[in-house]
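Spelled out from the first residue to the last, the chains are:
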Amino acid sequence: MSKSNVAVRTEGVAESAQVVRPKYLEALALVERLHRRLLDVIKDEFDRRGRNDVNSVQALLLYNIGDNDVTASELRTRGYYLGSNVSYNVKKLVELGYLSHQRSRVDRRSVRIRLAPKGQEVHKIVSDLYEKHVRTIEQIGGIGQHDFDTLNHALMRLDRFWTDQIRYRL
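Criteria and cut-off values
Residues numbered from 1 in each chain as written. Predicted model: local features only at pLDDT ≥ 70, side-chain atom pairs only at ≥ 80, totals over all residues. Heavy atoms only, no water. Helix = DSSP H or I, 4+ residues; strand = E, 2+ residues; numbered from the N terminus. Buried < 20%, exposed > 50% of the residue type's maximum accessible area, 1.4 Å probe, protein only. Contact = heavy atoms within 4.5 Å. Areas by Shrake-Rupley, 256 points an atom, 1.4 Å probe, with all protein chains shown as cover. Axes fitted to C-alpha atoms, helices over the stretch in contact; angles between N-to-C directions. Parallel < 35°, antiparallel > 145°, perpendicular 65-115°, else oblique. pLDDT = per-residue confidence, 0-100. Salt bridge = Lys/Arg side-chain N within 4 Å of Asp/Glu carboxyl O. 1 Å grid on protein atoms, 1.4 Å probe; cavity = no way out; pocket = protein on both sides within 12 Å on 5 of 7 lines; lining within 4 Å. Points joined across faces, edges and corners; volume = space filled by probe spheres on them.

Some points on the overall build of the protein chain
For step 1, the next point in the chain: Scanning the protein chain for helices and strands turns up six helices and two strands.
For step 2, the next point in the chain: Listed N to C, the secondary structure of the protein chain is α-α-α-α-β-β-α-α in terms of helices and strands.
For step 3, the next point in the chain: Of all 170 residues assigned to the protein chain, the portion counted as buried reaches 24%.
For step 4, the next point in the chain: Across the protein chain, every contact between residues at least 6 apart in sequence was considered, and the portion connecting residues at least 24 apart equals 53%.
For step 5, the next point in the chain: In the structure as shown, the protein chain presents an accessible area of about 12500 Å², 54% of it carried by carbon and sulfur atoms.

Examining the packing of helix H2 (residues 56-65) against helix H4 (residues 86-95)
For step 1, the next point in the chain: Across the interface, H2 lies against H4 with an axial gap of 11 Å and an inter-helix angle of 80 degrees. The pairing of H2 with H4 is recorded here as roughly perpendicular in orientation. Only Val86, Asn89, Val90, Lys92 and Leu93 of H4 make contact with H2, whose side of the interface consists of Val57, Gln58, Leu61 and Leu62.

Side note on unusual backbone geometry
For step 1, the next point in the chain: Even without glycine at this site, arginine 169 takes up a positive phi of about 50 degrees.
For step 2, the next point in the chain: Its place among the elements puts arginine 169 in the segment after helix H6 (145-167).
For step 3, the next point in the chain: Its relative accessible area of 76% is what places arginine 169 among the exposed residues.

Things to note about the confidence of the model for the protein chain
For step 1, the next point in the chain: In this model, the protein chain carries an average pLDDT of 89, and 89% of its residues clear a pLDDT of 70 or more.
For step 2, the next point in the chain: Across the protein chain, the secondary-structure element scoring lowest on mean pLDDT is helix H3 (residues 72-78), at 76, and the one scoring highest is helix H5 (residues 117-141), at 98.

Thoughts on the pattern of salt bridges
For step 1, the next point in the chain: Enumeration over the complete set of coordinates arrives at 12 salt bridges.
For step 2, the next point in the chain: A salt bridge links arginine 36 to glutamate 32, with the nearest nitrogen and oxygen atoms 4.0 Å apart. One end of the pair is arginine 36 and the other is glutamate 32, both in helix H1 (residues 3-48) and four residues apart, which spans about a single turn.
For step 3, the next point in the chain: Given the relative accessible area of 47%, arginine 36 is considered partly exposed.
For step 4, the next point in the chain: Exposure remark for glutamate 32: the relative accessible area of 44% places this residue in the partly exposed category.
For step 5, the next point in the chain: Residue aspartate 69 pairs with arginine 114 through a salt bridge whose shortest N-O separation is 2.9 Å.

What to know about the environment of leucine 38
For step 1, the next point in the chain: Inspection of the secondary structure puts leucine 38 in helix H1.
For step 2, the next point in the chain: Exposure remark for leucine 38: the relative accessible area of 27% places this residue in the partly exposed category.
For step 3, the next point in the chain: Put simply, leucine 38 and serine 56 are 18 residues apart on the chain and 8.7 Å apart in space, counted from C-alpha to C-alpha.
For step 4, the next point in the chain: When sequence neighbours within four positions are dropped, the list of residues in contact with leucine 38 reads Leu60 and Tyr130.

Side note on the layout of surface pockets
For step 1, the next point in the chain: Here the largest pocket is characterised by a volume of approximately 1900 Å³.
For step 2, the next point in the chain: Looking at the largest pocket, it is lined by 36 residues, and the ones nearest its centre are Val31, Leu34, His35, Leu151 and Leu155.
For step 3, the next point in the chain: Elements supplying a minimum of two residues to the lining of the largest pocket: H1, H2, H3, H5 and H6.
For step 4, the next point in the chain: Sort the elements by how many residues they give to the lining of the largest pocket and H1 lands first, with 10 residues.

Shown next, in the form of structure tokens:
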């Protein structure tokens, strides 16, 4: 390849980066804002029901545990909890009776947690909220299956890109 071809290719990459930059930064801001907005939506649902026994981060944590039997570190690696202390919330939810816990028989240092009946109630509230959204998002929000296919595909690729940045120190 000649030097002039390399120069043209390098210019093209630089120009493309300048076009992508504002879109990338906008996407980053949207991802953060959407997570905060989801927490606001969950908080609003609990407020409407007159429930202030758990906060929105704790409700989301209980929802994501679902029927699973997990460790706190497994929850942390799922990464749903921006700006929250998973260990603190798990401890608090155990104290309040939303989670039950038991030491692992295999690794005595590890504690397995699962939803207690109170936690299952919270899970159901969030699950019902999501079901309401599923029934109305296309009609009210104007977001359909194709939009979600495109969005989810792009978000999975972004997740993979960031994972590769960490894993391969790119």
